[in-house]
Amino acid sequence: MALIVQKYGGTSVGTTERIKNVARRVAKWKAQGHDVVVVVSAMSGETNRLIALAKDIQDYPDPRELDVIVSTGEQVTIGLLAMALKEIGVPAKSYCGWQVKVVTDQAHTKARIQSIDEGVMRGDLKEGRVVIVAGFQGVDEEGNITTLGRGGSDTSAVALAAALKADECQIYTDVDGVYTTDPRVVPEARRLKTVTFEEMIEMASLGSKVLQIRSVEFAGKYKVRLRVLSSFEDEGEGTLITFEEDESMEKAVVAGIAFDRNEARINVKGVPDKPGIAYQILGPIADANIEVDMIIQNVGENGTTDFSFTVPRGEFNRALTILREVQTHIGAAKIDADDKVAKISIVGVGMRSHCGIASTMFRTLAEEGINIQMISTSEIKVSVLVDEKYLELAVRVLHKVFGLDQAA
């Protein structure tokens, strides 16, 4: 008998029929003798509907009150799933995040978990009940409802699994695992049997939407065994996210290719080449809570240099406005920008011990006439910024050249 934490996303619980299907799946695990804790998201589209309601009242909704509103989506789902389980004879009990006491900091709409009181859950499990917990939500030390940000139900599930020392945390979604790249772009993409935490963190941060990056970081920190499975297929082992030292790990040099269309490039030209100039450019951007990704500063020439970086496309206009306000102060000759760019990344722990991976990537793109605008690297990834119109071609040729279409 094992203690399993399962998480079902919005599409998995998008209708009452799908909620009944989740109940039948949970009942099978329970019938096998396992203790089961289930974490659910709001029904698909519900969070967007609630945010739209809030924006009808306030253009920029008050963060505390917005958390009160959007947290109701998960509350509906947990009640419906508890009913569905009881209807088929499985004892179940639902809890909101603040009832389980998922304690967070006070950063409304993007709170971070600080502690979990698992006592209530253990009591129900001991009495044979399935425990159902609302994902995405918690409570701060003053009793205010908080939410963990988009995709936060994944983090909720992993955090509960860590607190309960569960044998496995299973993330059920609308895909049957982690693929070498998006099958909608490359039909030959393969499902990976295993992927390391390091690789998954990189892939999640670089555009792969299978798991929220915070949940993977949490799982890696607390050694939570994490598996991605399909909520629409009864069979299949999904993808196990594991540790590099596991002998069963696939030995591919490149594990996968991630990409992100949500990129915009800003180039600040002709700034004084002196200490502190990077801070003078990026400080105002950081003060506006705009996330900066790739950064390049050219070698200085004639006392000036160029400074390029990328921001999320949705923050592009705001970032440009901020820079133009400080352009004279920082002494920049010109600011140009492009919001029709995309980032492509190759990821794999095997890159640590293999040379020539980056050059193979660059040569392959050059042969297709694809110009690289920016490059960023780490031990286990190489990212390039290219014109968005070449994105799908680039992903397809790189997927082939690194043999990701071949069975391991």
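Note on numbering: residues in each chain are counted from 1, in written sequence order. Selection of residues for local features in this predicted model requires a pLDDT of at least 70, selection of side-chain atom pairs for listing and counting requires 80 or more, and totals for whole chains, interfaces and linings are taken over all residues. Side-chain measures here rest on the full set of heavy atoms in the structure, leaving out hydrogens and waters.

A.B. asks: Honestly, the overall build of the chain in this entry has me stumped. Any pointers?
C.D. replies: Along its length, the chain carries 13 helices and 18 strands. All radius of gyration figures rest on C-alpha atoms, and the globule criterion is 2.2 Å times the number of residues raised to 0.38. Since a compact globule built from 408 residues should have a radius of gyration of about 22 Å, the 23 Å found for the chain is in line with a globular shape. Over its C-alpha atoms, taken along the principal directions, the chain stretches across nearly 75 × 50 × 35 Å. Buried residues are those whose accessible area, probed at 1.4 Å on protein chains only, stays under 20% of the maximum for their type, while exposed residues exceed 50% and partly exposed ones sit between those limits. Of all 408 residues assigned to the chain, the portion counted as buried reaches 52%. Between the averaged position of the 47 positive side-chain charges in the chain and that of its 58 negative side-chain charges there is a distance of 3 Å. Only DSSP runs of H or I with at least four residues qualify as helices, and only runs of E with at least two residues qualify as strands; both kinds are numbered from the N terminus onward. Note on charges: Lys and Arg go in the positive column, Asp and Glu in the negative column, and His and the chain ends are not counted at all. Charged groups are reduced to one reference atom each: NZ for lysine, CZ for arginine, CG for aspartic acid, CD for glutamic acid.

A.B. asks: Explanation requested: the sheet that holds strand β6 (residues 130–134) in the structure shown.
C.D. replies: Neighbouring strands of a sheet are bound in pairs by backbone hydrogen bonds; such pairs are parallel or else antiparallel. Between any two strands, pairing holds if DSSP finds at least two bridges. The eight strands are arranged β3-β6-β2-β1-β9-β11-β12-β10 in an open sheet whose pairing can be described as mixed. Of all strands in the sheet, those bounded by a partner on one side alone are β3 (92–95) and β10 (194–196). Taking each pair of neighbouring strands and ignoring which way they run, the sheet shows an average axis angle of 20°. Two strands pair when backbone bridges link them, and strand β9 (residues 168–173) and strand β11 (residues 226–230) are joined in this way by five bridges, in the parallel orientation. Bridge pairing links Gln170 to Arg227 in β11. Between two residues, a contact is recorded if the distance between any of their heavy atoms is within 4.5 Å. Axis angles are defined between N-to-C directions and span 0 to 180 degrees, where every axis is a line fitted to C-alpha atoms and, for a helix, only to the segment in contact. Helix α4 (residues 72–87) rests against β2 (35–40), β3 and β6 of the sheet, and its axis sits at about 165° to β6.

A.B. asks: Looking at this structure, how should I read the sheet that holds strand β17 (residues 374–378)?
C.D. replies: The six strands are arranged β14-β15-β13-β16-β18-β17 in an open sheet whose pairing can be described as antiparallel. Two strands bound the open sheet, and with one partner strand each, they are β14 (295–297) and β17. Neighbour-to-neighbour, the strand axes of this sheet turn through a mean angle of 25°, independent of strand direction. Together, β16 (334–347), β17 and β18 (381–387) form the strand contacts of helix α12 (residues 357–367), whose direction differs from that of β18 by roughly 20°.

A.B. asks: Would you mind showing me how to read the pairing of strand β12 (residues 239–242) here?
C.D. replies: The side chains of a regular strand alternate, residue by residue, between the two faces of the sheet. Because side chains alternate across β12, one face comprises the buried residues Thr239 and Ile241, and the other comprises Leu240 and Thr242, equally buried. Taken together, the three bridges between β10 and β12 define a ladder with parallel strand orientation. Bridge pairing links Thr194 to Leu240 in β12.

A.B. asks: Can you walk me through unusual backbone geometry in this structure?
C.D. replies: Peptide bonds are, in most cases, trans, and in most cases residues other than glycine have a negative phi. Although it is not a glycine, Thr109 adopts a positive phi angle of roughly 75°. In this fold, Thr109 is placed in the loop between β4 (102–104) and β5 (113–116). Positioned with a positive phi, Lys223 is a non-glycine residue whose angle comes to about 55°. By secondary structure assignment, the location of Lys223 is in the loop between α9 (213–221) and β11. In this structure Lys223 comes out as exposed when scored by relative accessible area, which is 56%.

A.B. asks: Explanation requested: the UniProt feature "binding site: substrate" (unreviewed entry) in the chain in the structure shown.
C.D. replies: Within this numbering scheme, the UniProt entry marks Thr47 and Glu74 as carrying the feature "binding site: substrate" (unreviewed entry). Taken along the chain, the residues just named run across 28 residues; in space they keep tight, none of their C-alpha pairs more than 8.9 Å apart. Along the polypeptide, Thr47 turns up in helix α2 (residues 46–57). For Thr47, a relative accessible area of 15% gives the class buried. Beyond its immediate chain neighbours, meaning those up to four positions away, Thr47 contacts Ala42, Val70, Glu74 and Arg150. Note on placement: Glu74 falls in helix α4. The class for Glu74 is buried, based on a relative accessible area of 2%. UniProt positions are given in the numbering used here, feature names are shortened, and annotations may be inferred rather than shown by experiment.

A.B. asks: Looking at this model, I keep getting lost on the nonpolar core. Mind explaining?
C.D. replies: The nonpolar side chains of soluble globular proteins are, as a tendency, buried together. Of all hydrophobic cores here, the largest spans 44 residues; its most connected members are Val5, Val37, Ile116, Met121, Cys169, Leu211 and Leu226. Residue contacts for Val5: discarding those within four places in its chain leaves Val37, Val39, Ala157, Ala161, Leu164, Ala166, Glu168, Cys169 and Gln170. We define a nonpolar core as any set of buried Ala, Val, Leu, Ile, Met, Phe, Trp, Tyr and Cys residues linked to one another through side-chain atoms lying within 4.5 Å. In terms of nonpolar packing, the next biggest core, distinct from the first, is built from 23 residues, Val13, Ile19, Val90 and Tyr172 among them.

A.B. asks: How should the pattern of salt bridges be read in this particular structure?
C.D. replies: Close approach of charged atoms allows side chains of opposite charge to pair. By definition, a salt bridge exists where a carboxyl oxygen of Asp or Glu is found within 4 Å of a side-chain nitrogen of Lys or Arg. Tallied over the full model, the rule gives 24 salt bridges. Glu118 is paired through a salt bridge with Arg122; the nearest N and O atoms lie 3.9 Å apart. Judged by its relative accessible area of 36%, Arg122 is partly exposed. A salt bridge links Arg313 to Glu388, with the nearest nitrogen and oxygen atoms 3.5 Å apart. You can see Arg313 sitting in the loop between β15 (304–311) and α11 (316–330) and its partner Glu388 sitting in the loop between β18 and α13 (391–401), a full 75 residues away along the chain. It is possible to trace a salt-bridge network through shared partners that takes in Asp124, Glu127 and Arg129.

A.B. asks: How should the pairing of strand β13 (residues 256–272) be read in this particular structure?
C.D. replies: Across the 17 residues of β13, 13 count as buried, placing the element largely inside the fold. Where β13 lies against β16, eleven bridges are found, and the strand directions are antiparallel. Its bridge partner lying in β16, Val268 is registered against Ile335. In this sheet, β15 lies alongside β13 in antiparallel orientation, the contact comprising seven bridges. What sits directly across from Asn267, in β15, is Ser308.

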